[in-house]
Amino acid sequence: MKVLVINSGSSSIKYQLLEMDTEKVLAKGLVERIGIEGSRIIHRKNEEKYVIEKAIKNHEEGLKEVLDLLTSEDYKVISSLNEIDAVGHRVVHGGERFSSSVIIDKDSLDTIEMMSFLAPLHNPANVMGIKAAMELLPNVPQVGVFDTSFHQTMPKTSFLYAIPYEYYEKYKIRRYGFHGTSHKYVSKRAAEILNKDIKTLKIITSHIGNGASIAAVKNGESFDTSMGFTPLEGLVMGTRSGDIDPAIVSFLAQEEGLTTKEVVEILNNKSGVYGITKGFSSDMRDIEDKALEGDKVCRLALDIYEYRIAKYIGAYAAAMNGVDVIVFTAGVGENSPVTREEICEKYLTYLGVKIDKEKNNFKGLERVISTPDSKVEVLVVPTNEELMIARETKELVSTKN
Ligand SMILES: Nc1ncnc2c1ncn2[C@@H]1O[C@H](COP(=O)(O)OP(=O)(O)O)[C@@H](O)[C@H]1O
Ligand SMILES: CC(=O)OP(=O)(O)O
Ligand SMILES: [Mg+2]
């Protein structure tokens, strides 16, 4: 069975085509920097890597390029899209309606579309991906795998906000949490790498990419996480503010003559490191490069970004009454030794965290980066949301048939 996985992030599309009998990856790639300067596709087939520089304005354009690439003369891995047996889609917001993956029909697609206002940088791109795939592959089952599912185990103490209870009952306003597929995968992998039973561990997983969130994973289950009702809460991100005082929303609306919806758009699209650097960049590579060259504004943005991550790690160590393992993952977590080292050395030594600087100096591999005498094991685990989505897709499609 061949499964195509489409993972639309806020700044990227990741894709993989897998042969599920062996879980062999036939092709995979990344469309990155969507909508900003320097967009490109990195396509991998077997051991070959192709970089295609191309202006890609939005996710729709990106997805068309991907489907063309899979069958095009130069890069192809299949002769026609008909060889694909199922498509697995990452869907960011599943609300309380979807606590596990589903085969998508018109009704579930409508619900996902309706939830777009709760994940404005993601669900619209997810819906677009599903519709495009349905159109191009009309007889192929499409499966939705939700970022929110893994976090359904959170206790009420973690997921309820201290606002009138009726709003939870009436509107289901609560913490949902996102990047669940990633937090689940990397926490499980970390336990496997350490050869320990995940049911005995307190793990803090730090998924830091363009979108970023932290999770407290206790005994293998999500116990708390930094994103909330929408993927806006928590950490400082590429263009998202993360935590702010909610009173700022009405204040800004009044002072700037904006609607509250417009202010929330600013918090989603024009804030984060992009906002702090007055629109210089939302991409952490650009910020880090400039910060290391001595640029004060970018240094400040990086400091604020790292400080917020450290605060959440401290909070979750308290929430679980301890921490055994810290995991770094996603674009920044996997590829930025500087960010990892600065977080650990500036803020986490009180927990007994000790990093081996040489071991930490690498990109994109699974590795323990703490010293043998560190009280907390610190690991880098490249996430693999696509593999998790492919497995779920195979399982759902096989049990249905
Ligand atoms: N070598 C690197 N150093 C610092 N940041 C990096 C590096 N490589 C990638 N990143 C950052 O990772 C982020 C993208 O992460 P990713 O997890 O792919 O995002 P998303 O899924 O949210 O679109 C970007 O901010 C990018 O700059
Ligand atoms: C939920 C979210 O922010 O996802 P991403 O990091 O892929 O943008
Ligand atoms: Mg992502």
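In this text the structure is predicted, and so the values were computed from the model without any measurement. Counting of residues starts from 1 at the beginning of each chain's written sequence and follows it residue by residue. The order in which chains are written sets their letters, starting at A; the order in which ligands are written sets their numbers, starting at 1. Where local features are concerned, this predicted model is filtered to residues with pLDDT of at least 70; where side-chain atom pairs are given and counted, the filter is 80 or more; whole-chain, interface and lining totals use all residues. Note that the side-chain values use all heavy atoms of the structure and ignore hydrogens as well as water.

A. Up close: the site of ligand 1. In these notes, residues near a molecule or strand are those with any non-hydrogen atom within 4 Å of it. Of all residues adjacent to ligand 1, which total 17 residues, the nearest are Ser-11, Ser-12, Lys-14, Gly-211 and Asp-283. Polar contacts, as used here, are pairs of N or O atoms within 3.5 Å; protein pairs need one atom able to donate a hydrogen and one able to accept it. Residues neighboring in sequence count only if both atoms are side-chain atoms. Between ligand 1 and Lys-14, the relevant distance is 2.9 Å, taken from an oxygen atom to a side-chain nitrogen or oxygen of the residue. Strands here mean DSSP runs of E at least two residues long; helices mean DSSP runs of H or I at least four residues long; both are numbered from the N terminus. Secondary-structure elements contributing two or more residues to the shell around ligand 1 are α10 (284–293) and α12 (330–335). Top contributing element to the shell around ligand 1 by residue count: α12, with four residues. Each of domain 1 (2–146) and domain 2 (196–385) contributes no fewer than three residues to the shell around ligand 1. Domain ranges listed in this record stem from an automatic or a database domain assignment.

B. Quick look at the sheet that holds strand β6 (residues 86–91). Whether two strands pair depends on DSSP finding at least two bridges between them. What the eight strands build is an open sheet, ordered β5-β4-β3-β2-β1-β6-β8-β7; its pairing is mixed. One side of each edge strand has no neighbouring strand; the edge strands of this open sheet are β5 (48–53) and β7 (102–103). Bridge analysis of strand β4 (residues 40–45) against β5 gives six bridges, and the strand direction is antiparallel. Looking at β5, one finds that Ile-42 is bridged to Val-51.

C. Focus on helix α6 (residues 180–194). Here α6 is 15 residues long and its end C-alpha atoms lie 21 Å apart, about the 21 Å a rise of 1.5 Å per residue gives. Turning to α6, its buried residues number three or more, namely Gly-180, Thr-181, Ser-182, His-183, Tyr-185, Val-186, Ser-187, Ala-190, Ala-191 and Leu-194. In the stretch just after α6, Asn-195 is the one whose phi turns positive, near 60°. For a helix, the expected span equals 1.5 Å multiplied by the number of residues minus one. Burial classes: relative accessible area under 20% of the type maximum marks a residue as buried, over 50% as exposed, and values in between as partly exposed (1.4 Å probe, protein chains only).

D. Quick look at the domain arrangement of the protein chain. In terms of domains, the protein chain is made up of domain 1 (2–146) and domain 2 (196–385). A C-alpha centroid distance of 26 Å is found between domain 1 and domain 2. Across the contact, 16 residues belong to domain 1 and 15 residues belong to domain 2. A simple way to read buried area is as the amount of 1.4 Å-probe accessible surface that goes missing from two parts once joined, with both sides added. Each partner contributes to the roughly 1100 Å² buried at the junction of domain 1 and domain 2, and carbon and sulfur atoms together form 44% of this total. Area buried by domain 1 at its contact with domain 2 is led by Arg-33, Leu-118 and Leu-121, which between them contribute 40% of it. Every case where a carboxyl oxygen of Asp or Glu lies within 4 Å of a side-chain nitrogen of Lys or Arg is listed as a salt bridge. Put simply, domain 1 and domain 2 have four salt bridges between them. A salt bridge links Glu-32 to Arg-285; its shortest N-O distance comes to 3.2 Å. Seen at the junction of domain 1 and domain 2, the total is seven residue pairs in polar contact (both at pLDDT 80 or more). For the side of domain 1 that touches domain 2, the per-class residue count stands at six nonpolar, six polar and four charged. The criterion used for residue contact is that any of the two residues' heavy atoms lie within 4.5 Å. Classification convention: Asp, Glu, Lys, Arg as charged; Ala, Val, Leu, Ile, Met, Phe, Trp, Tyr, Cys, Pro as nonpolar; all other residues, Gly among them, as polar.

E. Up close: the site of ligand 2. Taken together, Gly-9, Ser-10, Arg-90, Val-92, His-122, Asp-147, Phe-178, His-179, Gly-211, Met-227, Pro-231 and Arg-240 form the complete shell of residues around ligand 2. Contact distances for ligand 2 include 2.6 Å between an oxygen atom and a side-chain N or O atom of Ser-10. With respect to ligand 2, the side chain of His-122 contributes an N or O atom lying 2.7 Å from an oxygen atom. When ligand 2 sits alone it has 260 Å² of accessible area, and the protein chains cover 93% of it. Each residue belonging to the shell around ligand 2 can be placed in one class, and the counts come to four nonpolar, five polar and three charged. Each accessible area value is a Shrake-Rupley result obtained with a 1.4 Å probe; residue values ignore everything except the protein chains displayed when judging cover.

F. Up close: the pairing of strand β12 (residues 325–329). When you tally the buried positions in β12, you get five out of five residues, the bulk of the element. Of the two faces of β12, both are covered, the one formed by Val-325, Val-327 and Thr-329 as well as the one formed by Ile-326 and Phe-328. The sheet contact formed by strand β9 (residues 202–208) and β12 spans five bridges and is parallel. By the bridge assignment for β12, Ile-203 is matched with Val-325. Here β12 pairs with strand β14 (residues 377–380) via four bridges, running parallel. Counterpart to Ile-326 in the pairing with β14 is Val-378.

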